[in-house]
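Overview (structure and organization)
Take a look at the letters that make up each chain.
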Amino acid sequence: MSQAERAGSVSAAALGFALATLGVLGCSSDEVGTDATDGNEPSGVDTGRGQPESTGETPPPTSSGEGTSTGPGGVTSMTPDDADDADSGPPPVVFDVNTVPEGSATCDEQAPTINFVEPTMVMVLDHSGSMGGSFSDPVLGSISRWNALHNAVTFILETYAPVVEFGVKVFPSDNSCGVSAGLDVDPAVDNYAPILASIPAATSTGTGLTPAYEAFLEGAAALLAADPQRPRAALLVLDGDAGCTGSPPLLTSQIEALFQDEGIPTYVVGVDIGEFTRADMNGYAEAGGVPLGMPGDLERFYNATDTTQLQSFMDVVIGDLLSCDLELDPAPTHPSLAEVDIDGSNYNLIDSEACEAGDDGWTYSVEYTQMRLCGAACEAYRDVQMADVAFFCPQG
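A quick note: this is a predicted structure, and the numbers were derived from the prediction, not measured.

Across its full length, the protein chain carries 10 helices and 17 strands. For the protein chain, the proportion of contacts with a sequence separation of at least 24, taken over those separated by at least 6, is 82%. Surface summary for the protein chain: the accessible area is close to 15300 Å², and the carbon and sulfur share equals 50%.

Shown next, in the form of structure tokens:
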């Protein structure tokens with residue numbers, strides 16, 4: 001399903017993801033299940049675009065017969081690693097299916113936990129003076145642009161805060177070009193209340209100019225400090241060009257460097273952008289690595305002209321980021337003896353390079369403790385929010 005197609009359907013698919021289930025069957029006939037009301041929150045999903053892969057050195061255990069069941073509504077346990085410095089992170093994994101060990105013939109009962117990998121997203125939001133301007137609303141007729149953005153952020157947090165590590169940076173921090181150091185709220189799951197308490201109220205009027213470049217630098221620094229084994233992305237929302245000391249070319253260069261050098265994409269959402277600033281907005285989106293549509297299209301960024309579109313576009317962006325990575329704890333004893341079924345289609349183990357190329361199947365993104373769904377498998381998983389993963393024992 002394309003980004004443009006997903007833009008037509010908002011809350012039902014988004015809420016459905018938070019209620020998805022994942023089944024994992026093993027050599028034993030026993031199956032361990034978790035309840036979506038157990039209080040543990042899951043992680044969310046990766047589009048496979050622009051996200052750096054990482055390696056792990058954990059050897060497979062010496063027993064197998066895995067079986068568990070869980071989903072984005074609840075997991076058996078979740079203990080994410082502490083964030084690592086991006087400069088000292090592990091190198092990308094190059095995974096070859098021919099090197100996967102089959103393990104011993106022993107098949108003792110074991111029940112690994114399946115955890116979703118929560119992505120990290122930093123929202124960089126425009127609260128400049130022009131955001132106090134009127135914006136079309138199908139119910140109220142007209143509200144301020146900031147009011148519309150505040151409502152969209154509220155919706156996104158209500159829907160995705162349990163499965164995405166959200167952080168936020170609002171600019172400017174004064175009545176001119178000021179940008180305070182760091183983020184207003186650091187990334188974490190369940191950041192609904194802290195973020196809404198931090199950003200200006202829905203009824204506030206915009207103020208100051210548009211130091212988007214300076215604010216984006218703070219957001220980029222926070223993403224570089226986040227765990228590199230998790231999908232990371234920036235969401236830039238603004239209603240005009242970067243101003244103050246940072247020109248549009250400077251912002252474009254920073255967005256491009258974040259993607260090209262670090263593999264961190266930037267999604268660009270415009271609030272009623274006109275012809276005058278369209279070219280610069282297209283440049284931001286293309287530099288970020290995840291533009292809308294095809295090269296040559298009039299608009300490569302998500303340009304919302306009313307409140308419904310703004311909420312829909314932000315929903316599509318978050319859905320695109322949600323990870324197709326699944327953590328296995330402990331690693332399967334027989335990592336090559338696995339079957340992945342999604343919506344009646346079976347997907348095979350493939351190389352990581354084939355996965356990056358968009359081939360259909362699944363691979364190990366961290367050997368052998370993290371599984372990644374690829375191509376059609378990832379897209380199908382997003383559509384049905386369910387996957388069956390079975391680990392088997394060798395014959396004999």
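Next comes the rest of the write-up.
What follows covers helix α8 (residues 307-321). Its 15 residues give α8 an end-to-end C-alpha distance of 22 Å, which sits within 8% of 21 Å, the value for a rise of 1.5 Å per residue. In terms of burial, α8 is a largely internal element, 12 of the 15 residues being buried. All buried positions along α8 are accounted for by T307, L310, S312, F313, M314, D315, V316, V317, I318, G319, D320 and L321. N-capping of α8 is provided by D306, with a side-chain oxygen placed 3.1 Å from the backbone N of T308.

Turning next to the side chain of T154. Mapping T154 onto the fold places it in helix α3 (residues 145-160). According to the relative accessible area criterion, T154 is buried, its value standing at 15%. At 2.8 Å, the side chain of T154 and the backbone oxygen of H150 are in polar contact. In this structure, T154 is in contact with Y192 and L196, ignoring residues within four places of it in sequence.

In this sheet, strand β6 (residues 141-144) lies alongside strand β5 (residues 134-137) in antiparallel orientation, the contact comprising four bridges. The residue bridging F135 from the neighbouring strand is I143, located in β6. Following β5, the chain reverses through three residues before pairing antiparallel with β6.

All right, on to the pattern of salt bridges then. Opposite charge on two side chains allows them to pair when their charged atoms are near. For the structure on display, the rule yields nine salt bridges. Between D272 and R145 there is a salt bridge, and its shortest N-O distance comes to 3.7 Å. On the criterion of sequence distance, the pair formed by D272 in the loop between β10 (266-271) and α7 (275-287) and R145 in helix α3 is long-range, its members being 127 residues apart. The class of D272 is partly exposed, set by a relative accessible area of 32%. Here E356 ties to R372 by a salt bridge, and the two come within 3.7 Å at their closest N and O atoms. Of this pair, E356 sits in helix α9 (residues 352-356) while R372 sits in strand β16 (residues 370-374), placing them 16 residues apart in sequence. Overall, E356 belongs to the partly exposed group, its relative accessible area being 40%. Connected via shared salt-bridge partners are E118, D227 and R230.

What follows is about helix α6 (residues 248-262). With 15 residues, α6 ought to run about 21 Å at 1.5 Å a step, and its terminal C-alpha atoms sit 21 Å apart, in line with that. Those residues of α6 not exposed but buried are P248, L251, I255, L258 and F259. Looking straight down α6, one finds its buried side chains confined to an arc of 95 degrees; they lie on one side. In α6, the exposed residues that point more than 90 degrees away from the buried face are P249, Q260 and D261.

Its place among the elements puts Q370 in strand β16. Ignoring sequence-local partners within four residues, the contact set of Q370 consists of V117, Q229, D325, L326, E327, L328, T363, Y364 and S365.

Another aspect to go through is the state of the cysteines. The final tally for this structure, using the stated rule, is three disulfides. Paired by a disulfide, C324 and C378 hold their sulfur atoms 2.0 Å apart. Since a negative S-S torsion denotes a left-handed disulfide, the C324-C378 link at about 80 degrees is right-handed. Here the residue C324 occupies a position in the loop between α8 and β12 (325-329), and C378 occupies one in helix α10 (residues 376-384), the gap between them amounting to 54 residues. Among the residues examined, C378 registers a relative accessible area of 3% and is labelled buried. Residue C355 pairs covalently with C374 via a disulfide, S to S 2.1 Å. For the disulfide bridge between C355 and C374, the dihedral angle about the S-S bond is near -100 degrees, and by the sign convention the bridge is left-handed. Of the two residues, C355 is situated in helix α9 and C374 in strand β16; the sequence distance between them amounts to 19 residues.

Rules behind the numbers
Numbers given for residues are sequential positions, taken from 1 along each chain in its written order. pLDDT decides what is reported in this predicted model: residues at 70 or higher carry local features, side-chain atom pairs at 80 or more are listed and counted, and totals for whole chains, interfaces and linings draw on all residues regardless. Excluding hydrogens and water, the side-chain figures rest on all heavy atoms present in the structure. Every helix listed is a DSSP run of H or I at least four residues long, and every strand listed is a run of E at least two residues long, numbered separately from the N terminus. Contacts are residue-level and defined by heavy atoms, with any inter-residue pair within 4.5 Å sufficient. The accessible surface values rely on the Shrake-Rupley method and a 1.4 Å probe; as for residues, cover is taken only from the protein chains in view. Expected span, for any helix, means 1.5 Å times one less than how many residues it has. Categorising residues by exposure relies on relative accessible area from a 1.4 Å probe, with only protein chains included: less than 20% of the type maximum marks a residue as buried, more than 50% marks it as exposed, and the intermediate range marks it as partly exposed. In protein, a polar contact means a hydrogen-donor-capable atom and an acceptor-capable atom, both N or O and within 3.5 Å, with residues adjacent in sequence counting only if both atoms are side-chain atoms; elsewhere, any N or O pair within 3.5 Å suffices. Strands pair, by our definition, only if DSSP identifies at least two bridges between them. What makes a salt bridge here is a side-chain nitrogen of Lys or Arg within 4 Å of a carboxyl oxygen of Asp or Glu, nothing more. Summarising the geometry, the arc corresponds to the directions from the helix axis toward the C-beta atoms. Defined by distance alone, a disulfide is two cysteine sulfur atoms within 2.5 Å.

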